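The primary structure of each chain is shown beneath.
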Amino acid sequence: MSENKILFNTGSFDGLSEEIGNLTTNAEESRLKLTPDNADSGLAKLVLTLVELIRKLVEKQAMRRVDGGSLTDDEIERLGETLMKLEMKMEELKKHFNLTDRDLNINLGPLGDLM
Amino acid sequence: MEQMIYALVSEKIDHGKLAASLSGMQGIAGVNLYAVLFNQISAVVSDMSRASQIAGKSTAIEYAGVIETLSQQFTLLPMRFGSIMQSNEAIIHMLERNYHDIQQNLLKVERKYEFGLKVFCDSETLMAELREKSEASPLPSATPAPEIKNSESRNWVNKKLKEHRLEELLVSYIDSVIEDITGQLDRLKTISKIKKMVTPTTIIDGVFLLDKALKDELIHAVGDLQNKFPGLNFILTGPWPPYNFVDFIVK
């Protein structure tokens, strides 16, 4: 982006370039790149991304319910144990396939990042 | 020979002006540009052999440069990079099939430019501030945290609950900033599209369609917003061709 297109910025131009660069890098790095050579790991990434998305949605909804006060102590206890185990299992799977949290946050183009 | 389409231009006022402008311009790889006309709409195109086409960053910048130059003189709809058709006849058929949608979109962007507004923040500082605020005055709607028991799962729930509440605070803070932005810009009769939390540091990414004559007022409005939120960094860019305000799919 050229400087003459910036109409208002209280920060430095270098700082802005860095931020824009980060946006581009994030988008490029988080694309799902499936090729014949990496079909196994690419598929693992895709599947784990979907599992992680669902796990996070479930966790978010659970926290809403806990915060709303509609669960009993026992229910919170069981819910916590289940979600904690799911999180630990997910960590194991990420390690097994050599994936990081960033790898599982795929870029959906104009829609932004998945998570 | 195939044709690459750069933009669809309204020619209802001066039919000769576009041809004159194109004669002094060049398309990707220095090829000539020309207009394919149907009624009051022209497609700005250049001849292109698919084999010689390189879909790289520099080509995309050249493509955007053509659209940018044209947008300074004409009301137009930018086409997506890589829009290629088989022949001039195919382009005319496309214009004919989509004439109503194109006219509607041209009407919407007439004499208007797109401006971009990004709001950056130091996410760690912002989260720390929100955390401090929430601890000083908890949300009235929030129920007290569940009683802490000495169990691993309960500790896990408490930790996640704190994170959840902080996230809710962040979303509510960003919503309040967006409300201020739209409040300021609605006065200028802008059409806006806003995304929030694009990345941890880019908390707002918005585009606005605005009358060309109101550019200075927009800059002033963003200055006011910056003063109101000194911890955030507002970046206003433009004017751009209306890339984000073309709402039709070519049939």
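So, here's what we can say about the structure. It should be emphasised that the depicted structure is a prediction, and the values quoted were computed from it without experimental measurement.

Quick word on the sheet that holds strand E6 (residues 112-120) of chain B
- Read across the sheet, five strands follow the order E1(A)-E9(B)-E6(B)-E8(B)-E7(B) without closing on themselves; strand pairing throughout is antiparallel. The two strands at the open ends of the sheet, each matched to only one other strand, are strand E1 (6-9) of chain A together with strand E7 (191-196) of chain B. Sheet twist, expressed as the mean angle between neighbouring strand axes with direction ignored, is 15°.
- Pairing analysis gives six bridges linking E6 of chain B to strand E9 (residues 233-240) of chain B, with the strands arranged antiparallel. Opposite Val 119 of chain B, over in E9 of chain B, you have Phe 234 of chain B as the bridge partner.

Examining the nonpolar core
Residues and elements named next belong to chain B.
- Within the largest apolar cluster, 38 residues are counted, with the highest numbers of intra-cluster contacts made by Tyr 6, Leu 8, Leu 70 and Leu 95.
- Here this core gets six residues from one element, more than from any other, and that element is strand E1 (residues 2-10).
- Each of domain 1 (2-110) and domain 2 (113-245) gives at least three residues to this core.
- Excluding residues within four positions of it along the chain, Tyr 6 makes contact with Gly 27, Ile 28, Leu 33, Val 44, Val 45, Ser 46, Tyr 63, Val 66, Ile 67, Pro 78 and Met 79.

A word on empty space enclosed by the protein
Residue and element names in this part refer to chain B.
- Per the counting criterion, the structure on display carries one cavity of 30 Å³ or more.
- Roughly 60 Å³ of volume is contained in the largest cavity.
- What lines the largest cavity is simply Ser 71, Phe 74, Thr 75, Leu 76, Val 109, Arg 111, Lys 112, Tyr 113, Lys 212 and Pro 242.
- Of the residues that constitute the lining of the largest cavity, the class distribution is five nonpolar, two polar and three charged.
- Two domains each donate at least three residues to the lining of the largest cavity, and these are domain 1 (2-110) and domain 2 (113-245).

Here we look at the environment of Thr 69 of chain B
Residue and element names in this part refer to chain B.
- Relative to the assigned elements, Thr 69 resides in helix H2 (residues 57-71).
- Once the C-alpha coordinates of Thr 69 and Met 25 are considered, the two residues, 44 residues apart in sequence, prove to be 8.9 Å apart.
- Among the polar contacts made by the side chain of Thr 69, one reaches the main-chain carbonyl oxygen of Gly 65 at a distance of 2.8 Å.

Topic: the packing of helix H2 (residues 39-68) of chain A against helix H6 (residues 152-186) of chain B
- Relative orientation of the contacting elements H2 of chain A and H6 of chain B amounts to 95°, with a least axis distance of 10 Å. Overall, the two elements H2 of chain A and H6 of chain B adopt an arrangement that is roughly perpendicular. For the pair H2 of chain A and H6 of chain B, the contacting residues are Glu 59, Lys 60, Met 63, Arg 64, Val 66 and Asp 67 of chain A in the first and Trp 156, Val 157, Lys 160, Leu 161, His 164, Arg 165, Glu 167 and Glu 168 of chain B in the second.
- Taken together, the residues of the contact of H2 of chain A with H6 of chain B break down into five nonpolar, one polar and eight charged.

Describing the interface of chain A and chain B
- Opposite the 32 residues of chain A that make contact, chain B presents 37 residues.
- When the two sides are added together, the surface that chain A and chain B hide from each other amounts to roughly 3000 Å², 59% of it contributed by carbon and sulfur.
- Considering only the side of chain A, the residues that lose the most area to chain B are Lys 5, Leu 7 and Phe 8 of chain A, jointly responsible for 24% of the buried surface there.
- Connecting chain A to chain B are seven salt bridges.
- With a closest N to O distance of 3.4 Å, Glu 59 of chain A and Lys 160 of chain B form a salt bridge.
- One can count 15 residue pairs in polar contact (both at pLDDT 80 or more) joining chain A with chain B.
- When residues in the side of chain A that touches chain B are grouped by element, the largest group, eight residues, is from helix H3 (residues 73-96) of chain A.
- When E1 of chain A meets E9 of chain B, the two strands line up antiparallel, connected through three bridges. Directly across from Ile 6 of chain A, in E9 of chain B, lies its bridge partner Thr 237 of chain B.

Parameters and conventions
- Throughout, residues of each chain are indexed from 1 in the direction in which the sequence is written.
- Key to labels: chains lettered from A, ligands numbered from 1, both in the order written.
- In view of the model being predicted, local features appear only for residues whose pLDDT reaches at least 70, and side-chain atom pairs are presented and counted only at 80 or more, with totals across whole chains, interfaces and linings using the full set of residues.
- Only hydrogens and water are removed before side-chain values are computed, so all heavy atoms of the structure are retained for them.
- DSSP-based pairing: two strands are paired if at least 2 bridges between them are found.
- Under the DSSP-based scheme used, a helix requires at least four consecutive residues in state H or I and a strand at least two consecutive residues in state E, with every element numbered from the N terminus.
- The axes used here are C-alpha line fits, helices contributing only the stretch in contact, and every angle between their N-to-C directions lies in the interval 0 to 180 degrees.
- For our purposes a nonpolar core is just a set of buried Ala, Val, Leu, Ile, Met, Phe, Trp, Tyr and Cys residues, chained together by side-chain atoms within 4.5 Å.
- The buried label applies to any residue whose accessible area, calculated with a 1.4 Å probe on protein chains only, is under 20% of its type's maximum; exposed applies above 50%, and partly exposed to all values in between.
- The domain limits used here are those given by an automatic or database domain assignment.
- Contacts are residue-level and defined by heavy atoms, with any inter-residue pair within 4.5 Å sufficient.
- We place a 1 Å grid over just the protein atoms. Points where a 1.4 Å probe fits but has no way out form a cavity, open points with protein on both sides within 12 Å along at least 5 of 7 lines form a pocket, and any residue with an atom within 4 Å of a point lines it.
- Grid points are joined across faces, edges and corners, and a volume is the space filled by probe spheres set on the points.
- Classes in brief: Ala, Val, Leu, Ile, Met, Phe, Trp, Tyr, Cys and Pro nonpolar; Asp, Glu, Lys and Arg charged; the others, Gly included, polar.
- Residues adjacent in sequence count toward polar contacts only when both atoms are side-chain atoms; beyond that, a polar contact is any pair of N or O atoms within 3.5 Å, and within protein one must be able to donate a hydrogen and the other to accept it.
- Should an angle fall under 35 degrees it is taken as roughly parallel, and over 145 as roughly antiparallel, whereas 65 to 115 is taken as roughly perpendicular and any remaining angle as oblique.
- Simply put, the buried area is the total loss of 1.4 Å probe accessible area from both parts when two parts are fitted together.
- Salt-bridge detection follows one rule: a side-chain nitrogen of Lys or Arg within 4 Å of a carboxyl oxygen of Asp or Glu.

Scope: geometric values only; no functional claims are made or implied.
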